[in-house]
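One-letter residues, chain by chain:
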Amino acid sequence: MTDHLDPQAGRSPALSLSPKQLAWALVVIGLFLLMAHAAVLFLKYRLGYDYVMGLAPMFSLDEEANVPTLVSALVLLSCSVALALTACRAAGTRMARGWWVLSAAFLFLAFDENAQIHETLSVITGIVVQTSWMPAFPWILLYGLAVLALGIVLLPWFLKLDRGTQIRFAIAGTIYVGGALGMEVMESALYQMTDPTLSAEGWERLSSSLGFTLMTSLQECLEYGGAAYFLYVLVKRLGGIRLQAA
């Protein structure tokens, strides 16, 4: 009597993630964070509660080192991993280097999201370079120059991508950079107009106003939306993700 062996027998369990599943997960997570933030704003500006046993700061998009910050860092880190996987697939070709450069850039952004490196750079830059044209948040200038340099370096690589990928990458980049730098430029200008001396008291008044809070909320939404869409595009290029134990 012959035993018929199951070809699947003995294989390690695998976890598969399709682009569609990832898209739905990112949308659900984004909507949850947005609704939680809306509840925080209602409690703070309508009912006068700005702490709520620590729950308000934990889910506010305007705070640091909380749930939205962790989610944003994980999305950026996932982009870095997806870019690294793409680079591995392109190993041995001229395109691999561009994927690795982008992977390193997103790894830095993920680390910066939690470590707040740009805040430290703002303080150092403000002390070293003291001029009238310096923005209220000096890190904008440094990161703006870094984005420009990265764009120039990767332009030949970008032009070799297929047209569909170019369009999707351009959309994701515009959304993300528009939030991370564009909105910060507007906030910096508003801070300088509201209080030319850039005092701590002036910043406290401005940052606690509803209008400014909505601006920073839009900024965080654009950053998350741009990074999430970029991650979706990368995973779609990879044909989905499959994780299996060795």
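Refer to the structure presented above.
Read on for a plain summary of the structure. From a predicted model like this one, the values you see are computed outputs, not experimental measurements.

**As for the overall build of the protein chain**
Phase 1 of the analysis: Within the protein chain one finds 9 helices and 2 strands.
Phase 2 of the analysis: Counting from the amino terminus, helix and strand elements in the protein chain follow one another as β-α-α-α-α-α-α-α-α-α-β.
Phase 3 of the analysis: Here the C-alpha coordinates of the protein chain stretch approximately 90 × 45 × 30 Å along the principal axes.
Phase 4 of the analysis: Here the protein chain carries 14 positive and 17 negative side-chain charges, and the mean point of each set is 19 Å from the other.

**Looking at a nonpolar patch on the surface**
Phase 1 of the analysis: Taken together, the side chains of L70, L74, L77, V81, L85 and L107 make up a nonpolar region of the molecular surface, amounting to roughly 500 Å² of accessible area.
Phase 2 of the analysis: Considering each element in turn, the nonpolar patch owes the most residues, 5 residues, to helix α3 (residues 67–89).
Phase 3 of the analysis: Secondary-structure assignment places L70 in helix α3.

**Let's talk about the packing of helix α6 (residues 139–159) against helix α7 (residues 163–194)**
Each pair of packed helices gets described by two things: the angle between the helix axes and the distance between those axes.
Phase 1 of the analysis: It is the contact of α6 with α7, at a shortest axis distance of 11 Å, that shows an interaxial angle of 165 degrees. Compared by their axis directions, α6 and α7 come out roughly antiparallel. Read as a crossing pair, α6 and α7 show a hand that is left-handed. Where α6 abuts α7, its residues W139, I140, Y143, G144, V147, W157, F158 and L159 lie against Q166, F169, A180, L181, E184, V185 and S188.
Phase 2 of the analysis: Class assignment of the residues belonging to the contact of α6 with α7 gives a composition of 11 nonpolar, 3 polar and 1 charged.

**Points about helix α4 (residues 96–115)**
The periodicity of an α-helix, 3.6 residues per turn, causes residues three or four places apart in sequence to face the same way.
Phase 1 of the analysis: With 20 residues, α4 should reach 28 Å at 1.5 Å per residue; the first-to-last C-alpha distance of 29 Å fits that figure.
Phase 2 of the analysis: Along α4, the residues classified as buried are A96, G98, W99, L102, S103, F106, A110, D112 and E113.
Phase 3 of the analysis: Contact partners of the buried residues in α4: α3, α5 (117–128), α6, α7 and α9 (210–238).
Phase 4 of the analysis: Within two residues after α4, Q116 carries a phi angle of roughly 55 degrees, on the positive side.

**Re the packing of aromatic side chains**
Phase 1 of the analysis: For the structure on display, the rule yields 12 aromatic pairs.
Phase 2 of the analysis: Relative to F169, the ring of W99 lies with its centre 6.0 Å away and its plane at 90 degrees, an arrangement referred to as edge-to-face. Remark: F169 occurs in helix α7 and W99 occurs in helix α4; sequence separation between them is 70 residues.
Phase 3 of the analysis: The buried category is assigned to F169, whose relative accessible area is 8%.

**Details of the state of the cysteines**
Phase 1 of the analysis: Summed over the entire model, instances satisfying the criterion amount to 0 disulfides.
Phase 2 of the analysis: No disulfide involves C221; its sulfur sits 17 Å from the nearest other cysteine sulfur, which is in C79.
Phase 3 of the analysis: Since its relative accessible area comes to 31%, C221 is described here as partly exposed.

**Details of unusual backbone geometry**
Phase 1 of the analysis: In this model, M53 sits at a positive phi of 55 degrees, which is unusual for a non-glycine residue.
Phase 2 of the analysis: You can see M53 is positioned in the loop between α1 (19–45) and α2 (55–59).
Phase 3 of the analysis: Although it is not a glycine, Q116 adopts a positive phi angle of roughly 55 degrees.

**Digging into the nonpolar core**
Phase 1 of the analysis: If you look at the biggest cluster of nonpolar residues, it comprises 34 residues, and the most contacted ones within it are W99, W157, F169, F230, L231 and L234.
Phase 2 of the analysis: Listing elements by their share of this core, those giving two or more residues are α1, α3, α4, α6, α7 and α9.
Phase 3 of the analysis: Per-element tally for this core: the top contributor is α9, with 9 residues.
Phase 4 of the analysis: Those residues in contact with W99 that lie beyond four places of it in its chain are L83, T86, A87, A90, W157, L161, F169, L234 and R237.
Phase 5 of the analysis: A136, F137, W139 and Y191 belong to the second largest nonpolar core, which has 9 residues in total.

**Overview of the environment of F137**
Phase 1 of the analysis: Relative to the helices and strands, F137 resides in the loop between α5 and α6.
Phase 2 of the analysis: By relative accessible area, which is 12% here, F137 ends up buried.
Phase 3 of the analysis: Along the backbone, F137 and E184 are 47 residues apart, and their C-alpha atoms lie at a distance of 7.9 Å.
Phase 4 of the analysis: Apart from residues no more than four positions distant in its own chain, F137 is found in contact with S122, E184, E187, S188, Y191 and W203.

Parameters at a glance
- Residues numbered from 1 in each chain as written.
- Predicted model: local features only at pLDDT ≥ 70, side-chain atom pairs only at ≥ 80, totals over all residues.
- Heavy atoms only, no water.
- Helix = DSSP H or I, 4+ residues; strand = E, 2+ residues; numbered from the N terminus.
- Lys, Arg positive; Asp, Glu negative; His and termini not counted.
- Charge placed at Lys NZ, Arg CZ, Asp CG, Glu CD.
- Patch = residues over 30% accessible without salt bridge, like charges linked within 9 Å, V, L, I, M, F, W, Y side chains within 5 Å.
- Areas by Shrake-Rupley, 256 points an atom, 1.4 Å probe, with all protein chains shown as cover.
- Salt bridge = Lys/Arg side-chain N within 4 Å of Asp/Glu carboxyl O.
- Axes fitted to C-alpha atoms, helices over the stretch in contact; angles between N-to-C directions.
- Parallel < 35°, antiparallel > 145°, perpendicular 65-115°, else oblique.
- Left-handed = near helix turned anticlockwise from the far one by under 90°.
- Contact = heavy atoms within 4.5 Å.
- Nonpolar A, V, L, I, M, F, W, Y, C, P; charged D, E, K, R; others polar.
- Expected span 1.5 Å × (residues − 1).
- Buried < 20%, exposed > 50% of the residue type's maximum accessible area, 1.4 Å probe, protein only.
- Phe/Tyr/Trp six-rings, centres within 6.5 Å; stacked < 30°, edge-to-face > 60°.
- Disulfide = S-S within 2.5 Å.
- Core = buried A, V, L, I, M, F, W, Y, C linked by side-chain atoms within 4.5 Å.

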